[in-house]
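Examining the three-dimensional arrangement
Each chain is listed here by its residues.
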Amino acid sequence: MKNVKRIAVIVLSVLVILSAFTACGGKSPDKLIIGSWRDSTGTTGYEFKEDGSCIITYADVVVPIINIKYTGETVGTYTITELEDGTFNVKIIYTLLSKTITKEYKFNVENNALYLTDITDGTQTVYMAYTPAEPSTDPAQSDVAA
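Residues numbered from 1 in each chain as written. Predicted model: local features only at pLDDT ≥ 70, side-chain atom pairs only at ≥ 80, totals over all residues. Heavy atoms only, no water.

1. Looking at the packing of aromatic side chains
Using the criterion set out here, one finds 5 aromatic pairs in the structure. With a centroid separation of 4.9 Å and 75° between ring planes, the pair formed by Phe48 and Tyr78 is classed as edge-to-face. Within this pair, whereas Phe48 is found in strand E2 (residues 45-48), its partner Tyr78 is found in strand E4 (residues 68-82), the two being separated by 30 residues in sequence. The ring of Tyr130 carries Arg38 above its face, with NZ or CZ at 4.3 Å from the centroid. (Phe/Tyr/Trp six-rings, centres within 6.5 Å; stacked < 30°, edge-to-face > 60°. Helix = DSSP H or I, 4+ residues; strand = E, 2+ residues; numbered from the N terminus. Lys NZ or Arg CZ within 6 Å of the ring centre and 35° of its normal.)

Next comes the structure, spelled out in structure tokens:
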């Protein structure tokens with residue numbers, strides 16, 4: 001009888017500890033997407049901010065309709081919605097060369113990767129977590145001659 005009580009107490013303790021970790025440890029998807037993300041070349045990506053704004057970075061992207069290559073950054077907004085199947089969508093709206101663009105993706109964050117799947121054509125792009133390099137403060141790296 002003592003062994004049965006001891007085993008029951010151990011099992012119950014393990015269950016309580018596991019539920020504490022799962023209840024408090026995970027971030028919601030709207031928090032997981034916050035941060036900077038870049039493609040495999042490191043030149044195209046998104047930076048999602050907590051206030052619902054985002055910065056979109058492009059390198060040699062052809063803007064639809066006007067067929068002009070664009071390299072640079074633009075600021076937009078984003079919203080996240082949960083779908084009935086438990087997945088999440090992100091809707092991004094921004095203006096590029098005076099054309100308003102709306103993109104909507106199903107998204108998933110795993111480890112350090114953001115998977116964006118275009119809801120119109122199903123193409124998926126993977127972006128990796130990105131931390132911009134700090135500017136060098138080393139005097140040897142300075143462009144100013146002594």
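2. Focus on the pairing of strand E6 (residues 99-110)
Bridge count between strand E5 (residues 88-96) and E6: 9 bridges; the pairing is antiparallel. Within the sheet, the bridge partner assigned to Ile92 lies in E6 and is Lys103. Counting the residues between successive antiparallel strands, the hairpin from E5 to E6 contains 2 residues, one of them, Leu97, with a positive phi of roughly 50°. (Pairing = 2+ DSSP bridges.)

3. Examining the nonpolar core
If you look at the biggest cluster of nonpolar residues, it comprises 21 residues, and the most contacted ones within it are Tyr46, Phe48, Val90, Ile92, Phe107, Leu114 and Leu116. Mapped onto this core, the elements with two or more residues apiece are E2, strand E3 (53-63), E4, E5, E6 and strand E7 (113-118). If near-sequence neighbours (up to four positions away) are discounted, Phe107 is found in contact with Pro29, Ile33, Ile80, Phe88, Asn89, Val90, Leu114, Tyr115 and Leu116. (Core = buried A, V, L, I, M, F, W, Y, C linked by side-chain atoms within 4.5 Å. Buried < 20%, exposed > 50% of the residue type's maximum accessible area, 1.4 Å probe, protein only. Contact = heavy atoms within 4.5 Å.)

4. Some words on a nonpolar patch on the surface
A contiguous nonpolar patch, built from Ile66, Ile68 and Leu97 and spanning about 230 Å² of accessible area, is present on the exposed surface. Looking at the secondary structure, you find Ile66 in the loop between E3 and E4. (Patch = residues over 30% accessible without salt bridge, like charges linked within 9 Å, V, L, I, M, F, W, Y side chains within 5 Å. Areas by Shrake-Rupley, 256 points an atom, 1.4 Å probe, with all protein chains shown as cover. Salt bridge = Lys/Arg side-chain N within 4 Å of Asp/Glu carboxyl O.)

5. Quick notes on the side chain of Arg38
As for its position among the elements, Arg38 is in strand E1 (residues 35-38). Each residue touching Arg38, except ones within four places of it in the same chain, is listed here: Thr43, Thr44, Gly45, Thr57, Val126, Tyr127, Met128 and Tyr130.

6. Remarks on the pattern of salt bridges
For the structure shown, the criterion picks out 1 salt bridge. Here Asp85 makes a salt bridge to Lys106, at a shortest N to O gap of 3.7 Å. Note that Asp85 is positioned in the loop between E4 and E5 and Lys106 in strand E6, a separation of 21 residues in sequence. Accessibility expressed as a relative area gives 54% for Asp85, which makes it exposed.

7. Focus: the side chain of Asp39
For Asp39, the location among the structural elements is in the loop between E1 and E2. Separated by 3.4 Å, the side chain of Asp39 and the backbone nitrogen of Thr43 make a polar contact. Aside from chain neighbours lying at most four places away, what touches Asp39 is Thr44, Val126 and Tyr127. (Polar contact = N/O pair within 3.5 Å; in protein donor to acceptor, adjacent residues only side chain to side chain.)

8. Some remarks on the pairing of E4
Across 7 bridges, E4 lies against E5 in antiparallel orientation. Its bridge partner lying in E5, Thr77 is registered against Ile93. If you look at the hairpin formed by E4 and E5, you'll find 5 residues sitting between the two strands, and Gly86 has a positive phi there, around 90°.

9. What about the confidence of the model for the protein chain?
Mean pLDDT over the protein chain works out to 78, with 70% of the residues at or above the 70 mark. Per-element confidence in the protein chain ranges from a low mean pLDDT of 44 for helix H1 (residues 2-25) to a high of 95 for E7. Counting contacts from residues 8-25, a segment whose pLDDT is below 50, to residues more than four positions away or on other chains yields 2 contacts. (pLDDT = per-residue confidence, 0-100.)

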